[in-house]
Amino acid sequence: GTADYGAAHAAECGHARYGRTYGGLYPEWSARRPVDLLGHSIGGVTARVLLDLLRRRAFASHPQTSAAWVRSLAALSSPLNGDPVTFALGACPPPPAAPTVLPPTPTTASVLHARSGGG
C-alpha cells in the first residue's frame, strides 16, 4: 500500500500527501487466510488498532477488510488500558476489565513455549 498522510496534514507540514509504496509481505492476506498478530508493549496496542481499522474497513484500497482477517491477537506486556504515566500525572484509571482468554493457536502456543525456555 501507499502511505497517505492526508491533504490537510501534507499542506500544513509542507510535504507530499503520499509517501512510499510498499508491495506487502503477504498479498494473500484475507478472511480466508487470516494472520496471527503478536505485539509486545506498544506493539500490542498497535495490533489492536489495526484490528479495529480492519473491522471498520478503514482502508480505501481494500474495502472488503474485516476483523476476520485476524485469527488471533496476543499482546504481551502491553498497556491495553492506557499508558500508566497518564495515571501517575493524575488521570483516573478506568475500572479493570475482565480479560478474555482464548485458547492459543499453534503459532502463538509455539512462540509462548519458546519464550518460556521450553524450546
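Okay, so let's go over this structure. Here the structure is a predicted model, which is why all the values come from computation and not from measurement.

Reading guide: rules and limits
Residues numbered from 1 in each chain as written. Predicted model: local features only at pLDDT ≥ 70, side-chain atom pairs only at ≥ 80, totals over all residues. Heavy atoms only, no water. Core = buried A, V, L, I, M, F, W, Y, C linked by side-chain atoms within 4.5 Å. Buried < 20%, exposed > 50% of the residue type's maximum accessible area, 1.4 Å probe, protein only. Contact = heavy atoms within 4.5 Å. Helix = DSSP H or I, 4+ residues; strand = E, 2+ residues; numbered from the N terminus. Expected span 1.5 Å × (residues − 1). Arc of directions from axis to C-beta. Salt bridge = Lys/Arg side-chain N within 4 Å of Asp/Glu carboxyl O. Pairing = 2+ DSSP bridges. Right-handed = clockwise from strand over helix to strand, strands pointing away.

Digging into the nonpolar core
With 6 residues, the main nonpolar core is built from Val35, Leu37, Ala47, Leu54, Trp69 and Val70. Those residues within four positions of Trp69 in sequence are excluded, and the remaining contacts are Trp29, Ser30, Ala31, Pro34, Val35, Leu54 and Gln64.

Let's talk about helix α2 (residues 42–55)
With 14 residues, α2 extends 20 Å from end C-alpha to end C-alpha; this agrees with the ideal 20 Å at 1.5 Å per step. Within α2, burial applies to Gly44, Ala47 and Leu54. Considered in projection along α2, the buried side chains sweep an arc of 80° and stay on one side of the axis. Turning to α2, the residues buried within the fold contact β3 (35–40) and β4 (70–76). Residue Arg57 follows α2 closely and has a positive phi angle near 55°.

Describing the pattern of salt bridges
Enumeration over the complete set of coordinates arrives at 4 salt bridges. The residue Asp36 makes a salt bridge to Arg71 at a minimum N-O spacing of 2.5 Å. Note that Asp36 is positioned in strand β3 and Arg71 in strand β4, a separation of 35 residues in sequence. Connected through salt bridges with shared partners, the residues Asp52, Arg55 and Arg56 form a single ionic network.

Description of the pairing of β3
Residues Val35, Leu37 and Gly39 line the buried face of β3, whereas the alternating positions Asp36, Leu38 and His40 sit on a face that is not buried. Relative to β4, β3 runs parallel, the two sharing 6 bridges. When the sheet's bridge partners are listed, Leu38 is paired in β4 with Ala74. On the question of chirality, the crossover connecting β3 to the parallel β4 by way of α2 is right-handed.

Focus: unusual backbone geometry
Positive phi values are uncommon outside glycine, yet Ser41 reaches one of about 60°. You can see Ser41 is positioned in the loop between β3 and α2. The exposure class assigned to Ser41 is partly exposed, which follows from its relative accessible area of 29%. Even without glycine at this site, Ser77 takes up a positive phi of about 50°. Checked against the element boundaries, Ser77 lands in the loop between β4 and α3 (84–88).

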